[in-house]
Amino acid sequence: MLTPTDFATYSRWAGIATLVMAGLTALTFVFRWGVRFRFVGITGFLGVVTVGLFALSIVPIVHSPVPGAGKYTLVYDNGATQVVITVPPDIERSTLEATLVQAANDLFSLGRLGRGGDRLTVIARTIEHPEPGVTEPVILGVASRSLSDRTNDTVTVHLLEPSVRSASRLEEF
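Residues numbered from 1 in each chain as written. Predicted model: local features only at pLDDT ≥ 70, side-chain atom pairs only at ≥ 80, totals over all residues. Heavy atoms only, no water.

Colleague: In this structure, what is going on with the sheet that holds strand S2 (residues 82-86)? I would like to understand it.
Modeller: In sheet architecture, strand pairing relies on hydrogen bonds along the backbone and comes in two forms, parallel and antiparallel. Strand order in this open sheet of five strands is S1-S2-S3-S4-S5, and the pairing throughout is mixed. Here the strands that pair on one side only, and so sit at the sheet edges, are strand S1 (73-77) and strand S5 (156-159). Going from strand to strand, the sheet's axes swing by 25 degrees on average, the running direction of each strand aside. Across four bridges, the pairing between S1 and S2 is antiparallel. Bridged to Asp77 within S2 is Val83. (Pairing = 2+ DSSP bridges. Helix = DSSP H or I, 4+ residues; strand = E, 2+ residues; numbered from the N terminus. Axes fitted to C-alpha atoms, helices over the stretch in contact; angles between N-to-C directions.)

So, in structure tokens, the structure goes:
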């Protein structure tokens, strides 16, 4: 995982490359080479890359890991308040709870605010095959966190008991 120090190093090297390219661009104008405007474009692009890398060295995009969380796959995201993830069918309850918290933290974004509610709901499901040729989605748990309060990172987790797990339970959340 890249750290802010790594981005600062990359920013420094990109800045040096930008200055070198700016010098070459100046030479192309002095000698009236036909490719001078291409060099202007290259220099501008390197400048944008340098600024982007510098911004990442100040405010990196880092997700903090939740201890005990397992892997999940994003299945559905309406871009606002509802997300569905899938987990392995044999996941332990403690791992499921940590995975729901991890997904709620990873998928939180202030860009979701104002589009259908003030809570992000993450639904964990798995696929089971009760008999050959039959596939059923099974809801394992739901996590919820505030979208309107940036400082409130409390995630509420509800795990369903194995006897009441079904896709029809989705309306309760």
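On we go.
Colleague: Please explain the nonpolar core as it appears in this structure.
Modeller: In globular proteins that are soluble, nonpolar side chains generally tend to be buried together. Val83, Ile85, Val87, Leu96, Leu100, Val122 and Leu140 are the most contacted members of the largest nonpolar core, which has 20 residues in total. Elements supplying a minimum of two residues to this core: S2, helix H3 (93-107), strand S3 (119-128) and strand S4 (136-146). No other element matches H3, which puts seven residues into this core. Counting residues in each nonpolar core, the second largest holds five residues, with Val84, Ile139, Val142 and Leu160 among its members. (Core = buried A, V, L, I, M, F, W, Y, C linked by side-chain atoms within 4.5 Å. Buried < 20%, exposed > 50% of the residue type's maximum accessible area, 1.4 Å probe, protein only.)

Colleague: Where do I start with the side chain of Thr28 in this structure?
Modeller: Tracing the backbone shows Thr28 in helix H1 (residues 4-30). Using a relative accessible area of 0% as the deciding quantity, one classes Thr28 as buried. Contacts of Thr28, omitting those with residues within four sequence positions, involve Trp33, Arg36 and Phe39. (Contact = heavy atoms within 4.5 Å.)

Colleague: What is the right way to read H1 from this model?
Modeller: With 27 residues, H1 should cover 39 Å at 1.5 Å per step; its first-to-last C-alpha distance of 39 Å lies within 8% of that length. Here H1 has its buried residues at Phe7, Ser11, Ala14, Gly15, Thr18, Met21, Thr25 and Thr28. Residues of H1 that are buried sit in contact with helix H2 (36-58). Once H1 finishes, Arg32 follows within two positions and takes phi at roughly 55 degrees, a positive value. (Expected span 1.5 Å × (residues − 1).)

Treat this as a map of the structure, not an account of what it does.
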